[in-house]
Amino acid sequence: MNEFNNMEFMAKTTLYTGSGSLKSLKDAIKKYGLDGNFLFVTDKGIEGAGILQKVIDSLPDIESKSQIFNDIKPNPNVTGTNAIYEKYKNDGIQNIIAVGGGSVVDAAKALAVLFTNGGSIDEYFGFDLYTNEPLPVFAVATTVGTGSEGGHASVITVDNSELKTKKLVFGEGLFPKAAILDGELLVGMPGSLVASTGMDALTHAIEGYVSRNGSIITDALNLHAVRVISEAILEASSDTTNTSAMNRMIQASTTTGIGMSNGGLGLVHGISHAIGAQYDAPHGIVNAILLPYVLEYNWIANPKKFADIAQALRVNTSGMSTEDAAKAGVKRVKELTKEVGIPEKLGEIGVSKESIDVLTDIAFNDELYMGANPRRATKKDIVAILNKAI
Ligand SMILES: [Fe+2]
């Protein structure tokens, strides 16, 4: 299904990788000029961990003309994003530096659109719906899962309508101009955050590899990311001072993020965005819990590719039929989820069976993910998956 797809492959972010790569941010910004004021966008955890200060210290030329917004919440929403824009819209902001994980980078991209186009962010849900080029965004990644630092989407929760969902603003101008993937900067982050965000990256890689909208190019990115993540995630989550493992995780995460931007995702993200919007639940954990249940449902649609995934997960598949290898891969994902300390059921993080109908409706109507999923799911299928996963 892949080699026949007509697609435009876009990767427009300059990536700086390896320990100490933060020092490259200064030159990356200079390439775009130092006009106007800068807005740092981050969250309190990143600020408290001292990472924001390290980034500011690396940029002495802009310190005097910078402002800091330090309170991005998980799952950024329309109301909150608009409020940040209103707060800074008359301050001559011309560049945005995002220091954080997916929520921070997504909020920064949304702000980049608002600063040059005005209005409310929900006017831009869809592809390239803005008129003016968004402000340049520079991203310093502080988790190992979002992939947003190398992609052109911003995920925003629609909190200003009766039904809470997540929607995406897409645009070629939303690729960050540069992203710093510095494993040393991540040293000391909580192991549980490596586990949850790392499992989000694994979800991107697996969903991307079996996506109907993928290509040989996205397959290469996604399958190798499965391999690297499966080799590094246990080391990284159990010892976040292991800079080698942290570097491998963050690079694999961005690799599959580029794959995701070009080949799409699947049903795990369709359901998890519904849960994230309804429950304000952490994206990585929801994905990690859902992943084995969705794979148990999906593998039959493409056993060959699921067998490839098993091998990338280092399952010994020699002597197995393709179908058995595919199933062994799904089993390994389930084990891995447990090994990194993720709960087995959504009920453990507060998701209730009473919401199955509304979650199913939201996921089923999200064509972005339903259309890319390798198996065409019915509402009944999604209900069955949720019944098992909750
Ligand atoms: Fe994700």
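This one's a predicted model, so the numbers in the text were calculated from it and none came from an experiment. (Residues numbered from 1 in each chain as written. Predicted model: local features only at pLDDT ≥ 70, side-chain atom pairs only at ≥ 80, totals over all residues. Heavy atoms only, no water.)

Draft legend 1. Representation of the packing of aromatic side chains in the model. Under the criterion given, the structure shown has 4 aromatic pairs. Look at Tyr32 and Phe138: their rings are 5.8 Å apart centre to centre, the planes differ by 65°, and that puts the pair in the edge-to-face class. You can see Tyr32 sitting in the loop between α1 (25-30) and β2 (37-41) and its partner Phe138 sitting in strand β6 (residues 137-141), a full 106 residues away along the chain. Positioned above the aromatic ring of Tyr209, the side-chain terminus of Lys305 is 4.3 Å from the ring centre. (Phe/Tyr/Trp six-rings, centres within 6.5 Å; stacked < 30°, edge-to-face > 60°. Helix = DSSP H or I, 4+ residues; strand = E, 2+ residues; numbered from the N terminus. Lys NZ or Arg CZ within 6 Å of the ring centre and 35° of its normal.)

Draft legend 2. Here's a closer look at the side chain of Ser58. For Ser58, the position within the fold is in the loop between α3 (51-57) and β3 (66-69). On the basis of relative accessible area, Ser58 is assigned to the buried category, the value being 17%. Dropping the residues within four chain positions of it, Ser58 is found in contact with Leu22 and Lys26. (Buried < 20%, exposed > 50% of the residue type's maximum accessible area, 1.4 Å probe, protein only. Contact = heavy atoms within 4.5 Å.)

Draft legend 3. Here's a closer look at unusual backbone geometry. Phi is positive for Asp128, close to 50°, though the residue is something other than glycine. By the element assignment, Asp128 lies in the loop between β5 (126-127) and β6. Among the residues examined, Asp128 registers a relative accessible area of 44% and is labelled partly exposed. One non-glycine residue with positive phi stands out, namely Asp280, at about 50°. Its location among the elements puts Asp280 in the loop between α9 (267-279) and α10 (283-298).

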